[in-house]
Amino acid sequence: MPAVSPAKDFLAGGFGGMCLVASGHPLDTIKVRLQTQSKTQPLYNGTWDCAVKTVRAEGFTGLYKGMAAPLMGVTPMFAVCFLGFGIGKRLQQKSPDEKLTAVQLFNAGMLSGVFTTAIMAPGERIKCLLQVQQASSGPQVYKGPIDVVKQLYRAGGIASIYKGTCATLLRDVPASGMYFMSYEWIKASMAPPGQEAQLSPLRTVVAGGLAGMLNWCVAIAPDVLKSRLQTAPEGTYPNGIRSVFMDIMKKEGPSALFRGLTPVMIRAFPANAACFLGYEVAIKFLNKVAPNL
Ligand SMILES: CC(=O)O[C@H](CC(=O)[O-])C[N+](C)(C)C
């Protein structure tokens, strides 16, 4: 079998990211709306209520609001994510066929989380602002992703576009470690001996879906901090995520750190199953059409 190269990881990862957005965005919209709605006058009672109210008020396309930004951001982000994981693995291998331990896979995943933050942090900022404004009854401040970037830049320069970078690192470094370690581990433990390297759609879907859910077990609390910080009016949290954390603990208690867990978990399985399946199919395709890439 031809070796997987950084270029193949990059291209196949990008395709995996497109599959993830297409299958997971509606539940991501619900998650952000639940996480950021007012505590005193909540618009929605839960996941289903949010889905029904969104479809009634905005049609099915309401669930896909803000998808242009993740598609533009997630495709290169997953390309970099799989590239980073591949580099992380190669840095620890003495030979290309050497099997890595669970800890080494976790380390490679963490490196991928560092790589992706440069794209992920502004992408999440734009996406969350668009998702939240659509849910509010007030005037629409942003016309679309480009308009968000323009307005943020005008108001606070690059620093405003990159607001939430530490929160994104806090979320994605350990979560990416868990993501890739659990994917590789579950996929290998489901394979009959000697067939670990062969593509099996069922194994890929199960391992990818479960890896997505385990990744979110680690990511959910920092994700709530990140979404709050990135969507709050300027000056609300002077000490960044520390202020968000103190504010949540004081006003809402620890359970607020798990807001949006239901839609996150419902989305995580199909979205990440689609992502890993897209990645593996793209690698197989690239190995066939461009073995020396
Ligand atoms: C927290 C997050 O973005 O998780 C990604 C998967 C998903 O469900 O969107 C994986 N990763 C952290 C590796 C980018």
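Here the structure is a predicted model, which means the values were calculated and not measured.

What about the site of the ligand?
Then, number 1: Looking at the ligand, the residues that line it are Phe78, Cys81, Met120, Arg171, Asp172, Ser176, Tyr179, Asn215, Trp216, Arg267 and Asn272.
Then, number 2: Within the side chain of Arg267, an N or O atom sits 2.9 Å from an oxygen atom of the ligand.
Then, number 3: Separating an oxygen atom of the ligand from a side-chain N or O atom of Asn272 is a distance of 3.0 Å.
Then, number 4: Relative to its unbound accessible surface of 370 Å², the ligand loses 96% to contact with the protein.
Then, number 5: Mapped onto the shell around the ligand, the elements with two or more residues apiece are α3 (68–92), α6 (165–190), α7 (201–231) and α9 (261–289).
Then, number 6: Among the elements that line the shell around the ligand, the one with the most residues is α6, at 4 residues.
Then, number 7: Among the residues making up the shell around the ligand, the classes are represented as 5 nonpolar, 3 polar and 3 charged.

A look at the packing of aromatic side chains
Then, number 1: If you walk through the whole model with that rule in mind, you get 9 aromatic pairs.
Then, number 2: Judged by centre distance (6.2 Å) and plane angle (85°), the ring pair of Phe180 and Phe276 falls under edge-to-face. In this pair, Phe180 is assigned in helix α6 and Phe276 in helix α9, connecting sequence segments 96 residues apart. With respect to class, Phe180 is no different from Phe276; both count as buried.
Then, number 3: Arranged with centres 3.7 Å apart and planes meeting at 10°, the rings of Tyr183 and Phe276 form a pair that is stacked. Placement of the pair is Tyr183 in helix α6 and Phe276 in helix α9, with a sequence separation of 93 residues. Just as Tyr183 is buried, Phe276 falls in that class too.
Then, number 4: Chaining the aromatic ring pairs together yields one cluster made of Phe78, Phe82, Phe85, Tyr179, Phe180, Tyr183, Phe276 and Tyr279.

Re the UniProt feature "transmembrane region" (unreviewed entry) in the protein
Then, number 1: Residues annotated by UniProt as "transmembrane region" (unreviewed entry) correspond here to residues 67–88 and 100–121.
Then, number 2: Taken as a whole, residues 67–88 contains 95% helix and 0% strand, while its terminal C-alpha atoms sit 30 Å from one another.
Then, number 3: Along residues 100–121, the helical share is 91% and the strand share 0%, with 29 Å between the first and last C-alpha atoms.

Remarks on the UniProt feature "repeat: Solcar" (unreviewed entry) in the protein
Then, number 1: Under the UniProt annotation, "repeat: Solcar" (unreviewed entry) lies at residues 4–91, 100–189 and 199–285.
Then, number 2: Structurally, residues 4–91 is divided into 76% helix and 0% strand, and its ends, taken at the C-alpha atoms, are 14 Å apart.
Then, number 3: Taken end to end, residues 199–285 is 77% helix and 0% strand, and its first and last C-alpha atoms sit 12 Å apart.

So, how was this worked out
Residues numbered from 1 in each chain as written. Predicted model: local features only at pLDDT ≥ 70, side-chain atom pairs only at ≥ 80, totals over all residues. Heavy atoms only, no water. Near = heavy atom within 4 Å. Polar contact = N/O pair within 3.5 Å; in protein donor to acceptor, adjacent residues only side chain to side chain. Areas by Shrake-Rupley, 256 points an atom, 1.4 Å probe, with all protein chains shown as cover. Helix = DSSP H or I, 4+ residues; strand = E, 2+ residues; numbered from the N terminus. Nonpolar A, V, L, I, M, F, W, Y, C, P; charged D, E, K, R; others polar. Phe/Tyr/Trp six-rings, centres within 6.5 Å; stacked < 30°, edge-to-face > 60°. Buried < 20%, exposed > 50% of the residue type's maximum accessible area, 1.4 Å probe, protein only. UniProt positions renumbered as here; feature names shortened; annotations may be inferred.

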